[in-house]
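Read off the chains here:
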Amino acid sequence: MTVIEKDKKYVASTYNRFPVVLKEGKGSVVFDENGKKYIDLGTGIAVNTFGYCDEKWTEAVTVQASKLSHTSNLYYHEPCVKLAEMLCEKTGFKKVFFSNSGAEANECAIKAARKYAEDKKGSGCHKIITLENSFHGRTITTLAATGQEKFHKLFTPLTEGFISVKPGDIDALKALVENGDVAAVMFELIQGEGGVVPLERSFVNAMIEICRKNDVLVVCDEVQTGNGRTGNLYCYQNFGFMPDIISTAKGLAGGLPLGATMLSEKVENVFSFGDHGSTFGANPICCAGALSILSRIDNDLLRGVREREKLIRSSLKGAKGTHGVYGMGLMLGVDCDCGGGKLATALLEKGVLALTAKNRLRLLPALNIPVELLTEALEIIKETAALLAES
Ligand SMILES: Cc1ncc(COP(=O)(O)O)c(C=O)c1O
């Protein structure tokens, strides 16, 4: 049986995979089982921050794997505290809880918000407002937070206490917050799975103001936008405010599962012993990978992200079959006449791996993708979008 046949026989059929079996990769280039080469603009959905098997990352991870692989959270270890320290020093957050995925990082953020409200305002103040078109994960609670009906059906009843409002509808949000039973407002600054849709700055500012006035926590889901992806270490820095809690995962450990929920001064002591936990969270190998990634997301690297964004925007400006690039940094969505799905499928044929988000083509390349490779991929995108527009 081929890999694809075995996958269909033995792996739960939750994914509509592209018909390609990837075998090995280095940086922004990956090869399939037949030796066909692809330029990768998807990074495993914003995970491989420095591409496949980055040399320094591989070394950090393998050294750690041969020293201390897993400890549980019953004991201290250095990679965990070094990473928490680095995250806090780079952001101003005060404490970090480590988990293994974006959904878990959000679960922790939700628990922290509920606990803060319970401690501060008493029971009954547990509601969390999220935004329509958002995506916060696949667990029953993060599905409840996700403001897209299509993910809900078949899995009800979901966790209660979540209400979604339309991005931009500040009056609806204000009315809900002023009801007095709201613990937090939780949102992605750029809705990734929702189509790479950035929130309006004026709406974000108004949300923050309402939350501050009512002692309602501001929770940013930086699972996809985080870790340098949008041209700053975290996307809230592009918007100029400090959230109370952020969740992140994906690119944090550069290809290993690691989630982090960061707590600001206001909520740093919200959890006590036993309030939350994770067997694998803060795994030493994952933390070593994250230390290797995070220590290299500096101003030079971030400048490079913004320069590559400019290159993509200028290259695709006016390109036939496309009409507009949305997003920030290297989290970009491209509107195309033929639809993102059709374009991504055609690009695969031509040796470019790209993603989709709603009807857009989604580009999430490695933060250090060589400019020549990016240029080559952009030429292929333009050529393919033009061809599809004609057909
Ligand atoms: C904004 C956001 N939050 C949460 C998640 C869920 O992350 P995970 O798949 O690691 O659980 C995702 C995944 O795409 C995401 O984009």
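Quick caveat, the model's predicted, so the values are computed rather than measured. (Residues numbered from 1 in each chain as written. Predicted model: local features only at pLDDT ≥ 70, side-chain atom pairs only at ≥ 80, totals over all residues.)

Along the backbone of the protein there are 14 helices and 17 strands. In terms of overall dimensions, the protein is globule-like: its C-alpha atoms have a radius of gyration of 21 Å, near the 21 Å expected for 391 residues. By principal-axis analysis of the C-alpha atoms, the protein measures approximately 60 × 50 × 45 Å. The long-range share in the protein, meaning contacts at least 24 apart out of those at least 6 apart in sequence, stands at 72%. (Helix = DSSP H or I, 4+ residues; strand = E, 2+ residues; numbered from the N terminus. Rg over C-alpha atoms; globule rule 2.2 N^0.38 Å. Contact = placed C-beta atoms within 7 Å.)

Splitting the protein by domain gives domain 1 (3-54 + 299-390) and domain 2 (68-294). Between the C-alpha centres of domain 1 and domain 2 there is a distance of 27 Å. Every contact between the two is made by 26 residues of domain 1 and, on the other side, 22 residues of domain 2. Of all the secondary structure elements, the ones that give two or more residues to the side of domain 1 that touches domain 2 are α2 (43-46), α12 (299-316), β13 (322-328), β14 (331-336) and β17 (360-363). Across the side of domain 1 that touches domain 2, the residue classes tally to 14 nonpolar, six polar and six charged. (Domains from an automatic or database assignment. Nonpolar A, V, L, I, M, F, W, Y, C, P; charged D, E, K, R; others polar.)

We now examine the environment of L302. When you line up the elements, L302 lands in helix α12. Once the C-alpha coordinates of L302 and N368 are considered, the two residues, 66 residues apart in sequence, prove to be 9.4 Å apart. When residues no more than four places from it in sequence are discounted, the contact partners of L302 are G228, G231, N232 and I297.

On to the sheet that holds strand β11 (residues 245-248). What the seven strands build is an open sheet, ordered β4-β12-β11-β10-β7-β5-β6; its pairing is mixed. The open sheet has two free edges, formed respectively by β4 (95-99) and β6 (162-165), since each of these has just one partner strand. Direction aside, neighbouring strands of the sheet carry axes that sit 20 degrees apart on average. In the sheet, β11 pairs with strand β12 (residues 259-263) via four bridges, with the strands oriented antiparallel. Residue pairing across strands places I246 opposite M262, the latter belonging to β12. (Pairing = 2+ DSSP bridges. Axes fitted to C-alpha atoms, helices over the stretch in contact; angles between N-to-C directions.)

With that out of the way, let us pick up the site of the ligand. The local shell around the ligand holds 14 residues, among which S101, G102, A103, V223 and Q224 are the closest. A total of three residues in the shell around the ligand trace back to one element, the largest contributor, which is helix α5 (residues 102-121). Residue classes in the shell around the ligand are distributed as four nonpolar, seven polar and three charged. (Near = placed C-beta within 6 Å.)

Before going further, it helps to spend a moment on the nonpolar core. Of all hydrophobic cores here, the largest spans 113 residues; its most connected members are A113, A183, V185, L217, V219, I245 and A290. Viewed by domain, this core spans two of them, domain 1 (3-54 + 299-390) and domain 2 (68-294), each represented by three or more residues. Those residues in contact with I245 that sit more than four places away from it in its chain are A109, A112, A113, L217, V219, T261, M262, L263, S264 and V267. (Core = buried A, V, L, I, M, F, W, Y, C linked by C-beta atoms within 7 Å. Buried ≥ 20, exposed ≤ 12 C-beta atoms within 10 Å, placed from the backbone.)

Right, let's talk about the environment of E383 for a bit. Mapped onto the secondary structure, E383 falls in helix α14 (residues 371-390). Owing to 16 C-beta atoms within 10 Å, E383 belongs among the partly exposed residues under this scheme.

Our focus in this paragraph is the sheet that holds strand β1 (residues 22-26). One open sheet holds the four strands; their spatial order is β1-β2-β3-β15, and the pairing between them is mixed. This sheet does not close on itself; its edge strands, each paired only once, are β1 and β15 (352-353). When strand β2 (residues 29-32) meets strand β3 (residues 37-40), the two strands line up antiparallel, connected through three bridges. Across the sheet, residue V30 finds its bridge partner in β3, namely Y38.

Put simply, helix α3 (residues 55-65) and helix α11 (residues 284-294) touch, their axes get as near as 8 Å, and they point 155 degrees apart. Accordingly, the angle class assigned to the pair α3 and α11 is roughly antiparallel. Judged by the sense of rotation from one axis to the other, the crossing of α3 with α11 is right-handed. Across from K56, W57, A60, V61, Q64 and A65 in α3, the residues of α11 making contact are P284, I285, A288, G289, L291, S292 and I293. Of the residues contributing to the contact of α3 with α11, the split by class is nine nonpolar, three polar and one charged. (Parallel < 35°, antiparallel > 145°, perpendicular 65-115°, else oblique. Left-handed = near helix turned anticlockwise from the far one by under 90°.)

The next subject is the pairing of β3. On a regular strand, one side chain projects to one face of the sheet and the next to the other, so that they alternate. A loop of four residues connects β2 with β3, the two strands running antiparallel in sequence, and G35 in this loop sits at a positive phi of about 85 degrees. Looking at chain direction, β3 and β15 are connected through two bridges and run parallel. Bridged to D40 within β15 is L353.

Counted residue by residue, strand β10 (residues 217-221) has five buried out of five residues, so it is predominantly covered. Residue alternation in β10 divides its side chains into two sets, L217, V219 and D221 and V218 and C220, and both sets are buried. Note that strand β7 (residues 182-187) and β10 share four bridges and pair parallel. Bridge assignment links A184 to a residue of β10, and that residue is L217.

So, about the packing of α12 against α14. Relative orientation of the contacting elements α12 and α14 amounts to 25 degrees, with a least axis distance of 10 Å. With respect to their mutual orientation, α12 and α14 come out roughly parallel. The hand of the α12/α14 crossing is right-handed. Residues R308, L311, I312, S315 and L316 of α12 form the contact with α14, whose own contacting residues are V371, L374, L378 and K382. Residues belonging to the contact of α12 with α14 are distributed by class as follows: six nonpolar, one polar and two charged.

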